[in-house]
2 protein chains.
Amino acid sequence: MPLRTLIDGEEADHLSVLDRGLHYGDGLFETILLRDGRPCQWQRHLERLLLGAERLAIPTPDVRLLREEAWRAAHALSSGVLKLILSRGAGGRGYRPPRAPNPIRIFLAYPLPAAGAQDWRQGIAVRYCQTPASINPALAGIKHLNRLDSVLARLEWGDAAVAEGLMLDPLGSIVGGTMSNLFLWDGARLLSPLLDRCGIAGTVRGLVLHLAATMGIESLLTRLEPDDLSAASGLFLTNSILGVRPVQTLGGARFDLERLPWRLMEAVHEAAQEFE
Amino acid sequence: MPLRTLIDGEEADHLSVLDRGLHYGDGLFETILLRDGRPCQWQRHLERLLLGAERLAIPTPDVRLLREEAWRAAHALSSGVLKLILSRGAGGRGYRPPRAPNPIRIFLAYPLPAAGAQDWRQGIAVRYCQTPASINPALAGIKHLNRLDSVLARLEWGDAAVAEGLMLDPLGSIVGGTMSNLFLWDGARLLSPLLDRCGIAGTVRGLVLHLAATMGIESLLTRLEPDDLSAASGLFLTNSILGVRPVQTLGGARFDLERLPWRLMEAVHEAAQEFE
C-alpha cells in the first residue's frame with residue numbers, strides 16, 4: 001500500500017471509473033527514487049513524461065504544479081519510490097479522446113522495495129521470458145500505461161532468487177528486462193538494444209549513455225540477440241529504483257563480474273541517486 | 001456519461017487508484033449491444049471474456065454473477081451499449097500481480113451512438129491510419145485494456161464524414177479498423193486478416209465466419225495488404241454495436257456495393273441483434 005496518495009493535488013484514494021487510463025491505458029507513468037524527502041533525477045523523469053505527453057497528444061501538464069506535488073508526496077520520506085501517473089482523464093465511450101481532455105495527475109509514494117537496500121555490486125540471477133514485448137514504433141521508448149507484456153512476462157516466474165527476466169520482441173531481438181534496460185559490455189564497448197520499436201528508454205539508461213560519452217567509452221544502440229549476450233564479457237541492468245545491477249547468471253550462462261566496466265557503473269549508480 | 005454504473009454489483013462511480021487496470025491496462029473489456037433491456041450475443045461476449053481471462057491468468061469470474069449484473073445494468077433500456085470491464089483489481093507496486101488477485105467487475109450502460117441508428121446498408125467512408133497496430137502474439141485476438149494503438153489511430157481524423165480508419169501492423173499487413181473487423185469479398189470468397197499477432201477477434205466477426213460456413217461460403221483468414229483491398233469486389237466492416245457496415249470509399253477507391261454478398265451480410269446484421 002502507498003504511504004501517501006495525491007490525485008490532482010488532493011489526498012484521495014479513488015478516481016473516476018470513466019478515466020481513460022483504466023479504459024485504454026491512455027496515459028503515462030514515471031517511477032522515481034526518493035531520498036531524503038526528495039525525488040532523484042527529477043529533470044530526466046520530467047523530460048520523458050513531457051515527451052510521452054507530446055507523443056500521445058496529451059495536453060502538456062503544468063511543470064511547476066507537477067514539481068510541487070512531487071515534492072509534497074515525497075516530503076519527510078527518507079527513502080522510497082514515487083510513482084507518478086498522468087492519465088488523459090475521464091472520457092466518453094469510444095477510443096476517440098475528448099476534444100478538451102482534462103488530464104489527471106496521480107502521485108503514489110511507496111516504501112523502498114527490499115532489493116533497493118541490497119548491495120548493488122552483487123551479481124543478480126536473470127532468466128529469459130517467453131512472453132514477447134509488444135512491437136509498435138508509435139509507442140516505443142515512452143513509459144505509457146499499456147504494460148500487459150511486462151505483466152505477463154513477470155508472471156512467468158515466482159522464484160525470488162531470480163531478480164529479473166529478459167524479454168525479446170516477436171522478431172527475436174532482445175528488448176531488455178521486464179522493468180529494466182540491458183547493457184552488454186564486449187570488453188571495449190557498451191552495446192544496448194535499439195528502442196525504436198519496443199521498450200522504454202529508462203532514465204538510468206540515459207545516464208549510462210551520457211556518462212559513457214563523458215568517459216570516452218563508445219556505446220552502440222543496436223539489435224541484440226541471445227547469442228550476443230552469451231558471448232558478452234558481461235551484462236548489467238539499470239532501473240531508476242535499483243540503479244545498476246550486474247548480471248551474475250543468465251539462464252545457464254555465468255559471467256565474471258570482474259570484467260565489467262566498474263568505473264562507469266559506479267558513476268552511474270551514484271548519479272541515479274542525485275537530485276538533478 | 002453512462003446512464004448506469006455498477007462496480008462489483010454496487011452503483012458507484014469511483015474505483016481504487018491502486019487498480020491494475022489503471023496502472024498497466026491489466027484487464028479485459030467487452031462492448032455489448034443492448035436491445036429491449038437485454039444484452040445481445042451474451043454468450044459470444046462471455047466466451048471471449050473467459051478466453052481473455054485465461055490468457056491473462058486472471059481468475060475466472062463467476063459467470064452467473066456477471067450475467068445477473070449485465071441484465072441489471074441493461075434493465076429497462078430499450079437500446080444502448082453495455083461496456084463490461086474486468087480488471088485484475090488492486091495491486092501493490094510493480095508488474096507482478098498479487099498471488100490472490102481480487103478482480104473487479106465494472107458495468108457501464110451508455111446510450112446508443114448516433115451511427116447505431118443509421119441505415120446500416122448505406123456505405124461508409126473509410127481511411128487509412130498512420131499509427132500501426134501493436135504486434136504481440138501473446139495478446140492478439142483478446143479484448144484487453146492496452147488500447148493506445150487504437151486511441152492514437154482514432155486521433156488522426158476529426159472529419160465526421162469518415163466513419164472508420166484501417167490500421168496496418170508495423171510489418172505492413174492490414175489488421176482491421178480502429179474499432180471493427182474487416183472482411184474482403186473477392187466475388188467468390190470472403191477474406192479477413194489473420195489475428196495471430198495483432199487485433200481483436202470480434203463477436204460479429206465470429207458470426208460472419210459461422211454464418212458463411214452455414215451458407216457454404218468459403219472464408220479465408222490470411223495476411224492482407226492495401227493492394228489486396230484496392231483489388232476487392234467489395235469490403236465490409238463489423239462491430240458489435242454497428243453490426244455490418246459496407247465500405248463505400250477507402251481513401252481514393254470507390255466500391256460498387258451491389259457486388260457485396262448481401263444475403264450473408266443481412267443474416268449477420270440480424271444475428272448481431274439476437275440475444276443468444
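Note that the structure is predicted; figures quoted are calculated from it, not measured.

Brief notes about the nonpolar core
Logical step 1: Counting 93 residues, the largest nonpolar core has Ile106 of chain A together with Ile106 of chain B as the members making the most contacts within it.
Logical step 2: If sequence neighbours within four positions are ignored, Ile106 of chain B has contacts with Val17 and Leu22 of chain A together with Leu6, Ile7, Leu15, Lys83, Leu84 and Ile85 of chain B.
Logical step 3: Grouped together as the second largest cluster of nonpolar side chains are 20 residues, Cys129 and Cys198 of chain A together with Ala153 and Leu195 of chain B included.

Description of the interface of chain B and chain A
Logical step 1: At the interface, 64 residues of chain B touch 64 residues of chain A.
Logical step 2: Taken together, both faces of the contact between chain B and chain A bury some 5200 Å²; the carbon and sulfur share is 70%.
Logical step 3: If you sort the residues of chain B by the area they bury against chain A, Arg93, Tyr95 and Leu148 of chain B come out on top, with a joint share of 17%.
Logical step 4: Our enumeration of links across chain B and chain A arrives at zero salt bridges.
Logical step 5: The tally of links from chain B across to chain A stands at 20 residue pairs in polar contact (both at pLDDT 80 or more).
Logical step 6: For the side of chain B that touches chain A, the secondary-structure elements that each account for two or more residues are strand E1 (4–7), strand E3 (14–16), helix H1 (20–24), strand E4 (27–35), helix H2 (42–56), strand E6 (79–87), strand E7 (104–110) and helix H4 (148–154) of chain B.
Logical step 7: Ranked by the residues each element gives to the side of chain B that touches chain A, the list is headed by H4 of chain B, at six residues.
Logical step 8: Judged from the three bridges that link them, strand E3 (residues 14–16) of chain A and E3 of chain B form a sheet pairing that is antiparallel. The residue bridging Leu15 of chain A from the neighbouring strand is Leu15 of chain B, located in E3 of chain B.

Digging into the packing of helix H5 (residues 203–214) of chain B against helix H7 (residues 262–271) of chain B
Residue and element names in this part refer to chain B.
Logical step 1: Where H5 meets H7, the axes come as close as 9 Å, and the angle between the chain directions of the two elements is 135°. In terms of their interaxial angle, H5 and H7 are classed as oblique. Between H5 and H7 the crossing geometry is right-handed. Residues Val204, Leu207, Val208, Leu211 and Ala212 of H5 pack against Leu264, Ala267, Val268 and Ala271 of H7.

What to know about helix H3 (residues 63–74) of chain A
All names here are of chain A.
Logical step 1: Spanning twelve residues, H3 covers 16 Å between terminal C-alpha atoms, matching the ideal 16 Å at 1.5 Å per step.
Logical step 2: On its buried side, H3 packs onto strand E1 (4–7), strand E4 (27–35), strand E5 (38–39), helix H2 (42–56), strand E6 (79–87) and strand E7 (104–110).
Logical step 3: By the N-cap criterion, in which a side-chain oxygen at the helix start approaches the backbone nitrogen of a residue two or three places on, H3 is capped by Asp62, the distance to Arg64 being 3.0 Å.

Quick look at the packing of aromatic side chains
Logical step 1: Tallied over the full model, the rule gives eight aromatic pairs over all chains.
Logical step 2: With a centroid separation of 5.6 Å and an interplanar angle of 85°, the aromatic rings of Trp42 of chain A and Trp71 of chain A are classed as edge-to-face. Taken together, the positions of Trp42 of chain A in helix H2 and Trp71 of chain A in helix H3 put the pair 29 residues apart, joining distant regions of the chain.
Logical step 3: Each ring, one from Phe183 of chain A and one from Phe236 of chain A, has its centre 5.3 Å from the other, and the planes form 15°; the classification is stacked. Here Phe183 of chain A, found in strand E11 (residues 181–185), pairs with Phe236 of chain A, found in strand E14 (residues 234–239); they are 53 residues apart in sequence, far enough to count as distant.
Logical step 4: Given a relative accessible area of 0%, Phe183 of chain A falls into the buried group.
Logical step 5: Residue placement shows Arg38 of chain B over the ring face of Phe275 of chain B; its charged tip is 4.1 Å from the ring centre.

Describing the relation of the copies chain B and chain A
Logical step 1: Superposing chain B onto chain A requires a rotation of 180° together with a translation of 0.0 Å along the rotation axis, leaving an RMSD of 0.0 Å. Taken together, the rotation and translation describe the operation of a two-fold axis. Among all residues of chain B, the minimum C-alpha distance to the rotation axis is found for Leu22 of chain B, at 2.0 Å.
Logical step 2: Counting the interface residues of chain B, we find that 100% of their copies in chain A are interface residues as well, pointing to one common contact surface.

Considerations on the environment of Arg254 of chain B
Residue and element names in this part refer to chain B.
Logical step 1: On the secondary structure map, Arg254 appears in strand E16 (residues 253–254).
Logical step 2: Here the alpha-carbon distance between Arg254 and Thr131, two residues 123 residues apart in the chain, equals 23 Å.
Logical step 3: Beyond its immediate stretch of four places on either side in the chain, Arg254 contacts Gln248 and Thr249.

A closer look at H2 of chain B
Logical step 1: For H2 of chain B, with 15 residues, the first-to-last C-alpha span of 21 Å sits near the 21 Å given by 1.5 Å per residue.
Logical step 2: Along H2 of chain B, the residues classified as buried are Trp42, His45, Leu46, Arg48, Leu49, Gly52, Ala53 and Leu56 of chain B. All buried residues of H2 of chain B fall inside an arc of 165° around its axis, so they share one side.
Logical step 3: At its buried positions, H2 of chain B is contacted by helix H4 (148–154) of chain A together with E4, strand E5 (38–39), helix H3 (63–74), E6 and H5 of chain B.
Logical step 4: Two residues or fewer after H2 of chain B comes Ala57 of chain B, characterised by a positive phi angle close to 55°.

Focus on the domain arrangement of chain A
Residue and element names in this part refer to chain A.
Logical step 1: Here chain A is partitioned into domain 1 (4–112) and domain 2 (117–271).
Logical step 2: Computed over C-alpha atoms only, the centres of domain 1 and domain 2 are separated by 25 Å.
Logical step 3: Counting from both sides, the interface comprises 22 residues of domain 1 and, opposite them, 22 residues of domain 2.
Logical step 4: Here domain 1 packs against domain 2, burying approximately 1700 Å² in sum over the two surfaces, 63% of which is carbon and sulfur.
Logical step 5: Considering only the side of domain 1, the residues that lose the most area to domain 2 are Phe29, Arg44 and Arg48, jointly responsible for 37% of the buried surface there.
Logical step 6: Applying the counting criterion to the domain 1 and domain 2 interface returns nine residue pairs in polar contact (both at pLDDT 80 or more).
Logical step 7: Listing elements by their share of the side of domain 1 that touches domain 2, those giving two or more residues are helix H1 (20–24), E4, H2 and E6.

The rules behind each value
As a convention, each chain's residues are numbered from 1 in the sequence order in which they are written. Each chain takes a letter, starting from A, and each ligand takes a number, starting from 1, following the order in which they are written. Reporting of local features is limited, given that this is a predicted model, to residues whose pLDDT is at least 70; pairs of side-chain atoms are given and counted only at 80 or more, and all residues count toward the totals for whole chains, interfaces and linings. The basis for every side-chain value is the complete set of non-hydrogen atoms in the structure, without hydrogens or water. For this analysis, a nonpolar core means a set of buried residues of the types Ala, Val, Leu, Ile, Met, Phe, Trp, Tyr and Cys, connected via side-chain atoms within 4.5 Å. Exposure is judged per residue with a 1.4 Å probe applied to protein chains only, and the accessible area is read against the type maximum: over 50% gives exposed, under 20% gives buried, and values in between give partly exposed. We call two residues contacting when some pair of their heavy atoms lies within 4.5 Å. Simply put, the buried area is the total loss of 1.4 Å probe accessible area from both parts when two parts are fitted together. Definition used for salt bridges: Asp or Glu carboxyl oxygen within 4 Å of a side-chain nitrogen of Lys or Arg. Contacts described as polar in this section are N or O atom pairs within 3.5 Å, which, within protein, must combine one atom able to donate a hydrogen with one able to accept it, while residues neighboring in sequence count only if both atoms come from side chains. Starting at the N terminus, helices and strands are each numbered in turn, a helix being any DSSP run of H or I of at least four residues and a strand any DSSP run of E of at least two. Being paired, for any two strands, means DSSP has found at least two bridges between them. Note on method: axes are straight lines fitted to C-alpha atoms, helices fitted across the in-contact stretch only, with angles between N-to-C directions ranging 0 to 180 degrees. Reported orientations rely on four angle classes, namely roughly parallel under 35 degrees, roughly antiparallel over 145, roughly perpendicular from 65 to 115, and oblique for the rest. Each crossing gets its handedness from the near helix: less than a right angle anticlockwise from the far helix is left-handed, clockwise is right-handed. Expected helix span is taken as 1.5 Å per residue step, with the number of steps being one fewer than the number of residues. A pair of Phe, Tyr and Trp rings is counted when the ring centres sit within 6.5 Å of each other, with Trp represented by its six-membered ring. The angle between the planes then sorts it: under 30 degrees is stacked, over 60 is edge-to-face, the rest tilted. Put simply, a charge is over a ring when the Lys NZ or the Arg CZ is close to the ring centre, within 6 Å, and near the line of the ring normal, within 35 degrees. When the copies are superposed, the least-squares fit takes in the C-alpha atoms of residues with a pLDDT of at least 70 in both. An arc is given here, and it is the one of the directions from the helix axis to the C-beta atoms. Where each domain begins and ends is defined by an automated method or by a domain database.

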